[in-house]
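Residue-level structure breakdown
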Amino acid sequence: MSSIIEIKDVTKEFKVLNRHEGLKGSIKDLFSRDYKVIRAVDNISMNVIQGEIVGYLGPNGAGKSTTIKMMTGVLEPTSGEILVDGNVPYKNRTKNAQNIGVVFGQRSQLWWALPLVESFKILKDIYQISDNAYNEMIELYRSLVDIEPLMHKPVRQMSLGQRTLSDILAAFLHDPKIVFLDEPTIGLDVSMKSKIRTLIHALNKEKNTTVILTTHDMGDVDALCKRIVIIDKGRMIYDNDIENLKSFFGSYRTLKVRMDGDLKEAAESVQSILPDCSVTADDEWISVLVDEDKEGVIDVLGTLQRSFGIKDMKLEEISSEDVIKKIYEEDGL
């Protein structure tokens, strides 16, 4: 199968002024040539096949947004080559824009004071969508989600979830070959997250649209992505499916226990006696990430029972979220 996105040895550097403190420093900066070079993206290569949903992950400041901006044509790479559907994005921005849809965080492309249907009609004219294609897409939307209550509602009156849903519909409206989704479910409740994930999956399947998804929510990744790419400090450190990723951490198990008292305080005590384990707490459980190559789960459980007393326990395989967290902490595989 041919690649819809081809990235080869791409690097992006920025010149940043070394600023001085105080008023005198500010005046000096006006004439300063003292710059440092920041490498935001460092020699990245990858190919994306038409119809794939790729999770593009990394900690804040890893270079994800810079890569997306180069693929959308907003930024030009310092070196290397990028082709999106055969086009060089920064050289053919208008043509590239016809082939892509974008949802960046909570920056809406909809018209704030207009009903959703009017925003759709404006986008129809901008992208020169035919009447038949437009009507077919609206009918597809109606079959996937209940959009009728939103069609005549001004965007400014929508909830965050409704606005995010509408933005995703707008991004797919002109039937682009590629859609870039940057944190599409951030700040949403569980129900709306589920609706949006179902919508993205359905549109990908129905239209064979390639989706590049950046997110910190591993629920999005588990629900949508067969392939994930992880970037850290500008460098690609992983490109494969998520099950293969978990195999790198096959010796890890998550031991969940319940104890009397405040679980957050108890978690701090558990961490102090189990320094080699990662310990977190929520409203119900204390979670202990155990590396069985270093210490057995039974031994950890015995230590907890002797020290605290346990009301309940369960054992789980390492979650995708914990895998990603370990990779960030260890800076690579």
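Scroll up for the structure.
Residues numbered from 1 in each chain as written. Predicted model: local features only at pLDDT ≥ 70, side-chain atom pairs only at ≥ 80, totals over all residues. Heavy atoms only, no water.

**Notes on the overall build of the chain**
Applied cut-off: Going along the chain from the N terminus, every DSSP run of H or I of four or more residues is numbered as a helix, and every run of E of two or more is numbered as a strand. Only protein chains enter the accessibility calculation, which uses a 1.4 Å probe; a residue whose area is less than 20% of its type maximum is buried, one above 50% is exposed, and one in between is partly exposed. What makes two residues a contact is simply this: any of their non-hydrogen atoms within 4.5 Å. Working definition of accessibility: Shrake-Rupley area with a 1.4 Å probe, residue cover restricted to the visible protein chains. Charged-residue counts in this description rest on Lys and Arg as positive and Asp and Glu as negative, His and the chain ends being excluded. The atom standing in for a charge is NZ when the residue is Lys, CZ when it is Arg, CG when it is Asp and CD when it is Glu.
Secondary structure summary: the chain contains 13 helices and 13 strands in total. Taken along its principal axes, the extent of the C-alpha atoms in the chain is 70 × 60 × 50 Å. Burial statistics for the chain: of 333 residues in total, 47% are counted as buried. When contacts within the chain are restricted to residue pairs at least 6 apart in sequence, long-range pairs at least 24 apart make up 71% of them. A total of about 17300 Å² of accessible surface is found on the chain, and carbon and sulfur atoms cover 47% of it. When the 42 positive and 52 negative side-chain charges of the chain are each reduced to one mean point, those points stand 7 Å apart.

**Comments concerning the sheet that holds strand β3 (residues 53-57)**
Worth spelling out the cut-off: Strands pair, by our definition, only if DSSP identifies at least two bridges between them. Note on geometry: axes are lines fitted to C-alpha atoms, helical ones only across the stretch in contact, with angles between N-to-C directions running from 0 to 180 degrees.
In space, the six strands of this open sheet follow the order β5-β6-β7-β3-β8-β9, with mixed pairing throughout. Each edge of the sheet is formed by a strand with only one pairing partner; in this case those strands are β5 (100-104) and β9 (235-241). Shown here is a sheet whose adjacent strand axes are inclined to one another by a mean of 15°, direction ignored. The sheet contact formed by β5 and strand β6 (residues 178-182) spans five bridges and is parallel. Bridge assignment links Val103 to a residue of β6, and that residue is Leu181.

**Some remarks on unusual backbone geometry**
Excluding glycine, most residues fall at negative phi; most peptide bonds, likewise, are trans. In this structure, Asp9 takes a positive phi of about 50° despite not being glycine. Mapped onto the elements of the fold, Asp9 is located in strand β1 (residues 3-17). Unusually for a residue other than glycine, Asn208 sits at a positive phi of about 55°. One can find Asn208 in the loop between α8 (190-207) and β7 (210-214).

Nothing here speaks to function; it is geometry throughout.
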